[in-house]
Structure formats: C-alpha cells, structure tokens
Amino acid sequence: NLTQTLTAIKLFIETAENSKDLKKQFLQKSKETITLLIDEVKNLSKSIIPTTLRNADYYWIIQEYAVHFGKKNNIDISFGETAIIQSKNTNIGLNLFRIVQKQLEIADLCGADFVIIDIKADAEILFKFSFNINNPNKNITQLLNNISTRVELINGTLSQENILKENIILIKLPFDIL
C-alpha cells in the first residue's frame with residue numbers, strides 16, 4: 001500500500017510538471033496524499049513491536065538504554081533498587097521502556113547532572129526517577145503529558161514532587177500487568 005501510494009504521488013508530480021493547466025490541482029493532490037501517507041506511517045509505527053522484545057527482561061533493556069543515554073548526554077545515571085521486569089505482553093514492556101526513555105529526555109531538557117532510577121516490584125511495580133534541575137525555566141508538568149498518557153494506558157498512576165532543586169517522579173503500576 002505504501003509503495004502504491006508513493007508511486008501515485010510520483011505520477012501526480014510528473015503530471016504537474018508536464019501540464020500547466022493541471023499543475024495546481026496535481027500539486028494539491030500530492031500534498032493531500034503525502035499528508036495521508038504520513039499519518040498512515042505514524043499509525044503503523046505505533047503498532048510495530050520488535051520481536052526481540054518478546055518475553056524479555058525489560059530491566060536490562062532499560063538499564064542498557066539509560067547508561068548509553070547518560071554517556072551520550074553527560075548525565076550520571078545510576079540505579080538504586082532493581083527488579084526483574086519480564087512481561088509476555090510486549091505492549092506493556094514497550095510502554096515501560098518508552099516511559100523511561102521520555103523521563104530521561106525530560107531530565108536532559110531540565111539540565112540534569114544526575115538521574116537515579118529505582119525499580120521495585122512487590123504488590124505493585126514502582127518506578128522512582130530522581131534528578132536535579134539546573135534549568136528551572138522548564139515546565140515539568142507539561143513535559144509529563146506523554147509519560148502520563150503511557151502510564152494510564154497500562155493502568156498506572158503518576159505523581160511528582162519537587163524538593164529544593166530535585167525532581168522526583170513516582171510511577172506505580174499494578175503488578176498483574178506483567
């Protein structure tokens with residue numbers, strides 16, 4: 001379907017190049033088709049889950065990503081308490097990974113020098129992110145919208161508190177989601 005749509009767009013543009021009378025009409029049609037194609041690709045990318053993440057221990061995937069992110073962005077990333085987070089449901093695991101990914105991006109935007117990630121798993125799964133804020137001009141609440149939506153999708157709750165120049169995000173998830 002994507003290949004056919006791209007071919008149609010190519011034909012629209014070629015026709016627009018060769019016909020002065022139809023140029024405006026075919027360029028407009030090309031724009032509309034490209035917009036639809038972009039939306040289709042976005043929707044498709046949301047549903048694609050790598051098979052390598054099935055039955056994976058997401059803690060190690062999260063840790064590997066966080067350490068790499070820290071080195072790349074000059075942020076000291078450390079892990080306090082840890083737990084095995086293994087899910088047969090790749091949507092759950094992928095959402096957990098994306099939550100951590102977005103939280104690290106938020107910490108970076110806030111100019112954090114350090115991030116501490118604690119993961120506990122008892123009656124519930126608790127993610128605790130702590131990081132310092134060197135850029136107080138960033139509105140943390142607005143930046144949490146993406147995380148909040150993902151947390152809600154997997155029946156969790158999110159809370160935030162600021163203590164001096166440290167931001168703490170707590171995410172609680174029901175243990176039975178795994």
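Residues numbered from 1 in each chain as written. Predicted model: local features only at pLDDT ≥ 70, side-chain atom pairs only at ≥ 80, totals over all residues. Heavy atoms only, no water.

Notes on the pairing of strand E5 (residues 166–174)
Working step 1: Here strand E3 (residues 124–132) runs beside E5; their pairing, made up of nine bridges, is antiparallel. Note that in E5 the partner of Ile 125 across the bridge is Leu 173. (Pairing = 2+ DSSP bridges. Helix = DSSP H or I, 4+ residues; strand = E, 2+ residues; numbered from the N terminus.)

Remarks on the packing of aromatic side chains
Working step 1: This structure, assessed with the given rule, holds three aromatic pairs.
Working step 2: Considering the side-chain rings of Phe 12 and Phe 26, the 5.7 Å spacing of their centres and the 45° angle between planes classify their relative orientation as tilted. With Phe 12 in helix H1 (residues 2–18) and Phe 26 in helix H2 (residues 23–47), this pair connects stretches of sequence that are 14 residues apart. Judged on exposure class, the residue Phe 12 and its partner Phe 26 are both buried. (Phe/Tyr/Trp six-rings, centres within 6.5 Å; stacked < 30°, edge-to-face > 60°. Buried < 20%, exposed > 50% of the residue type's maximum accessible area, 1.4 Å probe, protein only.)

Details of unusual backbone geometry
Working step 1: The phi angle at Asn 74 is positive, at roughly 55°, despite the residue not being glycine.
Working step 2: Notably, Asn 155 is not glycine yet its phi reads approximately 60°, a positive angle.
Working step 3: Examined against the element boundaries, Asn 155 turns out to sit in the loop between helix H6 (145–153) and strand E4 (157–163).

Focus: the side chain of Gln 101
Working step 1: Considering the arrangement of structural elements, one finds Gln 101 in helix H4 (residues 90–109).
Working step 2: Within polar-contact distance, the side chain of Gln 101 engages the side chain of Arg 98 at 3.0 Å. (Polar contact = N/O pair within 3.5 Å; in protein donor to acceptor, adjacent residues only side chain to side chain.)

Remarks on the nonpolar core
Side chains of a nonpolar character, in soluble globular proteins, are inclined to be buried together.
Working step 1: Counting residues in each nonpolar core, the largest one holds 34 residues, and the members touching the most others are Leu 104, Ile 117, Phe 127, Phe 131 and Ile 171.
Working step 2: The set of elements that each furnish at least two residues to this core consists of helix H3 (58–73), strand E1 (76–79), H4, strand E2 (114–121), E3, H6 and E5.
Working step 3: By residue number, the principal contributor to this core is H4, which donates eight residues. (Core = buried A, V, L, I, M, F, W, Y, C linked by side-chain atoms within 4.5 Å.)

Overview of H3
Working step 1: Given a rise of 1.5 Å per residue, 16 residues ought to cover 22 Å, and the 22 Å separating the end C-alpha atoms of H3 matches this to within 8%.
Working step 2: Where H3 is concerned, the buried positions are Tyr 58, Tyr 59, Ile 62, Gln 63, Tyr 65, Ala 66, Phe 69 and Gly 70. (Expected span 1.5 Å × (residues − 1).)

Side note on the side chain of Gln 103
Working step 1: With respect to the secondary-structure elements, Gln 103 resides in helix H4.
Working step 2: Not counting the four nearest positions on each side in its chain, Gln 103 is found in contact with Phe 129, Phe 131, Leu 144, Ile 147 and Ile 169. (Contact = heavy atoms within 4.5 Å.)

Let's talk about the pattern of salt bridges
Pairing between side chains of opposite charge can happen when their charged atoms approach one another.
Working step 1: One pass over the structure, following the stated rule, counts two salt bridges.
Working step 2: Where Lys 10 meets Glu 14, a salt bridge forms, and the shortest distance between an N and an O atom there is 3.7 Å. Here Lys 10 and its partner Glu 14 are both found in helix H1, four residues apart, which amounts to about one turn of the helix.
Working step 3: Lys 10 gets classed as exposed once you look at its relative accessible area, which sits at 52%.
Working step 4: Two residues, Lys 102 and Glu 105, come together in a salt bridge whose shortest N-O distance is 3.1 Å. Of this pair, Lys 102 and Glu 105 both sit in helix H4, three residues apart, roughly one helical turn. (Salt bridge = Lys/Arg side-chain N within 4 Å of Asp/Glu carboxyl O.)

Digging into the sheet that holds E1
Working step 1: If you walk across this open sheet you meet the five strands as E1-E2-E3-E5-E4, and the pairing is mixed. A strand with exactly one partner marks an edge of an open sheet, and here the two such strands are E1 and E4. Averaged over all neighbouring strand pairs, the angle between strand axes comes to 15°, with direction disregarded.
Working step 2: Summarising the sheet, E4 and E5 pair through seven bridges and their orientation is antiparallel. For Gln 160, the partnering residue across the bridge sits in E5 and is Ile 169.
Working step 3: Lying over the sheet, H3 contacts E1, E2 and E3, oriented at roughly 160° with respect to E1. (Axes fitted to C-alpha atoms, helices over the stretch in contact; angles between N-to-C directions.)

Looking at the confidence of the model for the protein chain
Working step 1: Put simply, the protein chain has an average pLDDT of 78, and 78% of its residues get 70 or more.
Working step 2: Confidence, read as mean pLDDT per element, is least for helix H5 (residues 140–143) in the protein chain (63) and greatest for H1 (89). (pLDDT = per-residue confidence, 0-100.)

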